[in-house]
Amino acid sequence: MTKHLRLAVGLVAILMTSACAFDGRLSRPENKADPYENFNRKVFAFNESFYDNVMFPIAKGYRKVTTPFVRERVSSFLANVKEPVSAANYLLQLKFVPALKSVGRFVVNTTMGLGGMFDVAPGWKLERKDTSFNETLASWCVVEGPYIVLPFLGASSPRSLTGTVVDAVADPIYWMTYQDANISAKVSYPYTAMGYIAFAEAYQDIYNDLKQNSVDFYSTLRSAYIQKQKGYKCRFAPEAEGESYDFDFDEDFDETDAE
Amino acid sequence: MKKVFLTLAATVLFFSTSVRAEVDAKAAEKFVEDVTHEGIEQIVNANVSLAEKDARFAALFNKAFDLDFIGQFVLGRNWRAATPEQRKEFISVYRQLNISTWSKRFDEFKGKKFVFKGTSPSTSKGQVFVNTIVPMDQGEPAKVLWRVREKAGSYKIVDIVIENVSLAITARNEYTSFIKNNPGGIDALIANLKSKI
């Protein structure tokens with residue numbers, strides 16, 4: 001565990017410094033949130049072809065051989081495994097009630113929900129509400145850094161990537177199987193693969209819908225991603241700071257790009 | 001003491017009424033409730049032909065959304081550079097595209113509902129956010145905010161914010177980027193949008 005901790009802390013430190021250093025200050029790009037647009041668009045094009053030719057066909061196959069009932073059991077199971085990660089992140093965000101709720105959900109669903117296959121916790125007023133290490137960092141006012149498109153994973157940023165890595169290392173399946181390479185290969189990889197397939201199955205329709213109705217799909221996803229990230233509030237931000245979606249929306253809009 | 005209290009009460013009353021005069025949040029919420037109710041009862045759950053559903057959706061959309069206002073916003077700085085013909089044509093195409101895409105998306109709303117969660121203020125004059133959530137079959141409910149603008153006593157929706165993502169901002173960024181990267185400019189944008197209808 002100490003090795004993991006050191007790895008995680010090191011990663012966080014490196015990425016946080018780079019996030020600060022590269023926070024749009026080194027260059028003056030057209031879109032200041034996306035200084036590496038040319039590079040990002042290339043990765044984006046690669047991802048598009050990967051999703052269309054590999055990921056979505058696999059997801060379609062998964063949809064073909066399963067019923068909605070089975071897929072719901074799989075998604076519930078996967079979500080339940082990640083529940084302790086949410087609980088830990090709520091603790092780090094000093095949100096104690098949600099942390100307790102998350103622990104409660106895990107206990108109820110793991111036992112009465114048959115290993116997490118059924119989400120029965122809402123019956124105890126324990127509704128699902130996930131959080132992540134990215135949100136933890138955001139809550140402590142770590143800047144997001146520039147927009148980056150990662151191969152296979154898509155829209156991200158230094159802060160978000162740090163969050164993804166830390167959450168993955170904190171995943172119970174990962175640390176339970178880490179000690180034994182044999183078990184790790186048999187459990188951890190299929191588990192990770194299943195996670196991606198279930199995710200692709202759930203989102204392929206909305207992805208295709210958006211893509212079909214967009215004139216510049218890259219910009220559409222970038223805009224949505226950046227807006228979503230802006231919704232995570234920093235705990236030291238002044239109360240007066242309004243909601244990020246409450247931009248100036250009047251008869252005579254000014255020339256500045258609302259983003 | 002009594003006098004102080006009365007002055008205080010009067011001040012509070014004065015400020016609360018002056019805020020209410022700005023935009024009637026309750027009425028705005030009622031407006032969105034009526035629109036979504038009509039949409040679900042008369043369109044999604046109605047036992048009529050697809051053509052009839054599309055026609056009803058178009059009528060409801062035109063009644064509820066201020067497309068002239070939104071269209072002007074999403075073109076951003078390019079709105080000023082556009083000729084009156086380009087503006088007219090863009091609004092028309094943008095309207096048709098929104099009707100056709102949302103008509104399809106809305107049809108998948110079957111069995112779902114909006115739960116109203118009050119309103120929140122906007123910094124823009126005469127506008128308010130109506131907060132709703134949509135319970136999902138699985139996982140967390142989706143947060144959907146309706147930005148409503150009051151004009152001369154009538155209400156229109158000018159933006160929808162889904163999970164913190166504003167559709168108006170997203171469209172504006174998308175179209176601005178397209179026009180910037182395209183030698184054809186606004187005409188190319190109009191042609192591209194037309195091909196999607």
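Since the structure is predicted, the reported quantities are computational estimates derived from the model, not experimental observations.

About the criteria used
Residues numbered from 1 in each chain as written. Chains lettered and ligands numbered in written order. Predicted model: local features only at pLDDT ≥ 70, side-chain atom pairs only at ≥ 80, totals over all residues. Helix = DSSP H or I, 4+ residues; strand = E, 2+ residues; numbered from the N terminus. Buried ≥ 20, exposed ≤ 12 C-beta atoms within 10 Å, placed from the backbone. Contact = placed C-beta atoms within 7 Å. Axes fitted to C-alpha atoms, helices over the stretch in contact; angles between N-to-C directions. Parallel < 35°, antiparallel > 145°, perpendicular 65-115°, else oblique. Left-handed = near helix turned anticlockwise from the far one by under 90°. Nonpolar A, V, L, I, M, F, W, Y, C, P; charged D, E, K, R; others polar. Core = buried A, V, L, I, M, F, W, Y, C linked by C-beta atoms within 7 Å. Expected span 1.5 Å × (residues − 1). Pairing = 2+ DSSP bridges. pLDDT = per-residue confidence, 0-100.

This part is about the overall build of chain A. Within chain A one finds 10 helices and 2 strands. Counting over 259 residues, chain A shows a buried share of 31%. Put simply, of all contacts in chain A between residues at least 6 apart along the chain, 64% involve residues at least 24 apart.

Here we come to the overall build of chain B. In terms of regular secondary structure, chain B is built from 8 helices and 5 strands. For chain B, the α and β elements follow one another from N to C terminus as α-α-α-α-α-α-β-β-β-β-β-α-α. Buried positions account for 30% of the 197 residues belonging to chain B. Here the contacts in chain B between residues at least 6 apart in sequence split such that 50% fall between residues at least 24 apart.

With that settled, the discussion passes to the packing of helix α3 (residues 68–81) of chain A against helix α9 (residues 181–212) of chain A. All names here are of chain A. At a minimum axis distance of 11 Å, the contact between α3 and α9 shows a crossing angle of 125°. In terms of orientation, α3 and α9 fall into the oblique class. Crossing of α3 against α9: the hand is left-handed. For the pair formed by α3 and α9, the contact residues are R71, V74, S75 and L78 on the first element and M194, G195, A198 and E201 on the second. Considering only residue class, the contact of α3 with α9 consists of 4 nonpolar, 2 polar and 2 charged.

With respect to the helices, strands and loops of the structure, F96 of chain A is situated in helix α5 (residues 96–111). Linking F96 of chain A and D209 of chain A, residues 113 residues apart in sequence, is a C-alpha distance of 39 Å.

The next subject is the nonpolar core. Generally speaking, nonpolar side chains in soluble globular proteins are found buried as a group. Residue and element names in this part refer to chain B. In this structure, A28, V130, V148 and Y175 are the most contacted members of the largest nonpolar core, which totals 38 residues. With 6 residues, helix α7 (residues 167–181) is the single largest residue contributor to this core. When neighbours within four sequence positions are excluded, V130 is seen to be in contact with A28, E29, V32, T119, L145, W146 and V148.

For helix α7 (residues 158–170) of chain A, spanning 13 residues, the distance from its first C-alpha to its last is 18 Å, which sits close to the expected 18 Å at 1.5 Å a residue. Along α7 of chain A, the residues that are buried comprise P158, R159, S160, T162, G163, V166 and D167 of chain A.

Packing of helix α10 (residues 217–230) of chain A against α7 of chain B leaves a shortest axis separation of 8 Å and a crossing angle of 140°. In terms of their interaxial angle, α10 of chain A and α7 of chain B are classed as oblique. In this structure, the crossing between α10 of chain A and α7 of chain B has a hand that is right-handed. Packed against α10 of chain A, whose contacting residues are S219, T220, S223, A224 and Q227 of chain A, the element α7 of chain B presents I169, T170, N173, E174 and S177 of chain B at the interface. Broken down by class, the residue content of the contact of α10 of chain A with α7 of chain B amounts to 2 nonpolar, 7 polar and 1 charged.

Time to look at the interface of chain A and chain B. Listed as interface residues are 31 residues of chain A and, on the opposing side, 33 residues of chain B. When contributions to the side of chain A that touches chain B are tallied by element, the ones reaching two or more residues are α3 and α10 of chain A. No other element matches the 6 residues that α10 of chain A contributes to the side of chain A that touches chain B. Its residues assigned to classes, the side of chain A that touches chain B shows 8 nonpolar, 10 polar and 13 charged.

The terminal C-alpha atoms of α7 of chain B, which comprises 15 residues, lie 21 Å apart, in line with the 21 Å expected from a rise of 1.5 Å per residue. Of all 15 residues in α7 of chain B, 12 are buried; the element is thus mostly enclosed. Within the sequence span of α7 of chain B, burial applies to A168, I169, T170, A171, R172, N173, E174, Y175, T176, S177, F178 and I179 of chain B. Packed against the buried residues of α7 of chain B are α10 of chain A together with α4 (67–75), α5 (78–81), β4 (154–162), β5 (165–166) and α8 (185–194) of chain B.

Attention now moves to the sheet that holds β4 of chain B. Residues and elements named next belong to chain B. Strand order in this open sheet of 5 strands is β1-β2-β3-β4-β5, and the pairing throughout is antiparallel. A strand with exactly one partner marks an edge of an open sheet, and here the two such strands are β1 (115–121) and β5. Judged from the 8 bridges that link them, strand β2 (residues 127–134) and strand β3 (residues 142–151) form a sheet pairing that is antiparallel. What sits directly across from T132, in β3, is V144.

Turning our eyes to something else, we now look at the pairing of β4 of chain B. All names here are of chain B. Direction of pairing for β3 relative to β4: antiparallel, over a ladder of 8 bridges. By the bridge assignment, V148 is partnered in β4 with I157. With antiparallel pairing between neighbouring strands as the criterion, β4 and β5 make up a hairpin whose turn holds 2 residues, including E163 at a positive phi of roughly 50°.

Moving on, we come to the confidence of the model for chain A. Residue and element names in this part refer to chain A. Here chain A shows a mean pLDDT of 87. Residues at 70 or above account for 84%. The least confident element of chain A is helix α1 (residues 2–21), whose mean pLDDT is 54; the most confident is helix α4 (residues 83–92), at 98. Predicted confidence for residues 20–29 stays below pLDDT 50, and this span has 14 contacts to residues more than four positions away or in other chains. Within the model, pLDDT remains below 50 along residues 254–259, and this stretch shows 10 contacts once partners closer than five positions in the same chain are excluded.

The phi torsion at K125 of chain A lies on the positive side, around 65°, for a residue other than glycine. Here K125 of chain A lies in the loop between α5 and α6 (133–139). For K125 of chain A, a count of 8 C-beta atoms within 10 Å corresponds to the exposed category. Within the chain, N164 of chain B stands out as a residue other than glycine whose phi angle is a positive 75°. Locating N164 of chain B in the fold gives a position in the loop between β4 and β5.

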